[in-house]
Amino acid sequence: MDDLSAGTVQRVYQGLLADLDHGRMVPGQRLVETELATRFGAGRNAVREAMQRLAARGVVDLSRNRSPAIRRLDEAETMEVLTVAQAMTALVLGAAATHFDHAGHGGALDDIQAQLEAAAGEDEIADFGRARRQFYRILLDIGGNRELKRLFPAIGMHIIYAQYPSRRLRGIRMTDYREMIDAVRRNDADRAAAAGSQHVDHVRTVIVEQLARQGLNASSTP
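All of these numbers come straight from a predicted model, not from anything done at the bench.

Right, let's get into unusual backbone geometry. Positioned with a positive phi, N65 is a non-glycine residue whose angle comes to about 65°. Within the fold, N65 resides in the loop between β1 (60-61) and β2 (69-70).

Spelled out as structure tokens, the structure:
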């Protein structure tokens, strides 16, 4: 019988995210249940449950009549994801700044900033990805908006960063995170929301430049 314990499903779930962070899996790659079950020492039902959870957060494509695969975005869909992410990130930051309490939340925010700074200074993409996800979980907890907690993880930013890897983008994100954290600490909701929106603008600019270079290279190929 398959082990459908929370721990087993979580191990597969986190393992697939780590593979994506490390580049061991890439957007568009097919996912074979039997191979994943062997790799993670889990039953196929646990693998299916983990893939369902990843599909709910926009990482896995479980379209009917197609093999499960890591989601891959075309250019138009990339811009659509960023448009939604911009509005939602502003909401998350505004809510966090409104409800931030130094006594209750200051320690968690200090700890995650230290993790982000440490990961940004290393050549370890997966550590930075984990810290980034934890950063947003903390902001969502501080803000306390249950609907944002439900919807925000489903935005496909994990795929955006996997599909458009960039050392320059990591540096931009860290600079933006410092601004966002400072605004939250000061309970400045307007500034925090603006910082969240500008952050996604910065990400969009880098990706648009990357897409333009790819188009240029494609057009010059004989």
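Relative to the elements of secondary structure, R204 occurs in helix α10 (residues 189-220). Residue class for R204 comes out buried when judged on its relative accessible area of 17%.

Under the definition given, this model contains five aromatic pairs. Taking 5.2 Å as the distance between ring centres and 50° as the angle between the ring planes, the aromatic pair formed by F135 and Y136 counts as tilted. Judged by relative accessible area, which is 8%, Y136 ranks as buried. A ring pair is formed by Y136 and Y177, whose centres lie 6.2 Å apart and whose planes are at 85°; its orientation type is edge-to-face. Separated by 41 residues along the polypeptide, Y136 in helix α6 (residues 125-143) and Y177 in helix α9 (residues 167-185) bring together distant segments of the chain. Like Y136, the residue Y177 is buried in the burial classification. Of the aromatic side chains, those joined through ring pairs into one cluster are F128, F135, Y136, F152 and Y177.

Restricting attention to buried positions, one finds in helix α2 (residues 33-40) the residues E33, L36, A37 and F40. For α2, the buried positions fall inside an angular range of 100° around the axis, keeping them on one side. In α2, those exposed residues whose orientation departs by more than 90 degrees from the buried face are E35 and T38. One or two residues past the end of α2 sits G41, with phi positive at roughly 60°.

Moving on, we get to the pattern of salt bridges. This model, assessed by the stated rule, comprises 18 salt bridges. A salt bridge links D21 to R133, with the shortest nitrogen-to-oxygen separation between them at 3.2 Å. You can see D21 sitting in helix α1 (residues 6-22) and its partner R133 sitting in helix α6, a full 112 residues away along the chain. The same class applies to D21 and to R133, which are both buried.

A separate point is the packing of helix α4 (residues 75-99) against α6. For the pair α4 and α6, interaxial distance at closest approach is 7 Å and the crossing angle is 55°. Accordingly, the angle class assigned to the pair α4 and α6 is oblique. Crossing of α4 over α6 shows left-handed handedness. Here T89, V92, L93, A95, A96 and H99 of α4 come into contact with α6, specifically with Y136, L139, L140, I142 and G143. Class assignment for the residues of the contact of α4 with α6 results in eight nonpolar, three polar and no charged.

With that settled, the discussion passes to the nonpolar core. If you look at soluble globular proteins, the nonpolar side chains tend to sit buried side by side. Judged by nonpolar contacts, the single largest core of 65 residues is most densely connected at L16, L109, F135, L139, M157, I160 and V184. Among all residues touching L139, those that are not within four sequence positions of it are V92, L93, A96, L109 and V184.

Here the focus is α4. End to end, α4 covers 36 Å across 25 residues, agreeing with the expected 36 Å (1.5 Å per residue, within 8%). The N-cap residue of α4 is D74: its side-chain oxygen and the backbone nitrogen of A76 are 3.2 Å apart.

Our focus in this paragraph is the confidence of the model for the protein chain. Do not read the fine detail of predicted coordinates wherever pLDDT is low. Looking at the protein chain, pLDDT values average 89 and 94% of them are 70 or higher. When mean pLDDT is taken per element in the protein chain, α4 scores highest with 96 and α10 scores lowest with 87.

Turning our eyes to something else, we now look at the environment of D61. Inspection of the secondary structure assignment puts D61 in strand β1. Separated by 31 residues in sequence, D61 and R30 place their C-alpha atoms 9.4 Å apart. Excluding residues within four positions of it along the chain, D61 makes contact with R66, S67, P68, A69 and R71. Separated by 2.5 Å, the side chains of D61 and S63 make a polar contact.

Conventions used here
Residues numbered from 1 in each chain as written. Predicted model: local features only at pLDDT ≥ 70, side-chain atom pairs only at ≥ 80, totals over all residues. Heavy atoms only, no water. Helix = DSSP H or I, 4+ residues; strand = E, 2+ residues; numbered from the N terminus. Buried < 20%, exposed > 50% of the residue type's maximum accessible area, 1.4 Å probe, protein only. Phe/Tyr/Trp six-rings, centres within 6.5 Å; stacked < 30°, edge-to-face > 60°. Arc of directions from axis to C-beta. Salt bridge = Lys/Arg side-chain N within 4 Å of Asp/Glu carboxyl O. Axes fitted to C-alpha atoms, helices over the stretch in contact; angles between N-to-C directions. Parallel < 35°, antiparallel > 145°, perpendicular 65-115°, else oblique. Left-handed = near helix turned anticlockwise from the far one by under 90°. Contact = heavy atoms within 4.5 Å. Nonpolar A, V, L, I, M, F, W, Y, C, P; charged D, E, K, R; others polar. Core = buried A, V, L, I, M, F, W, Y, C linked by side-chain atoms within 4.5 Å. Expected span 1.5 Å × (residues − 1). Polar contact = N/O pair within 3.5 Å; in protein donor to acceptor, adjacent residues only side chain to side chain. pLDDT = per-residue confidence, 0-100.

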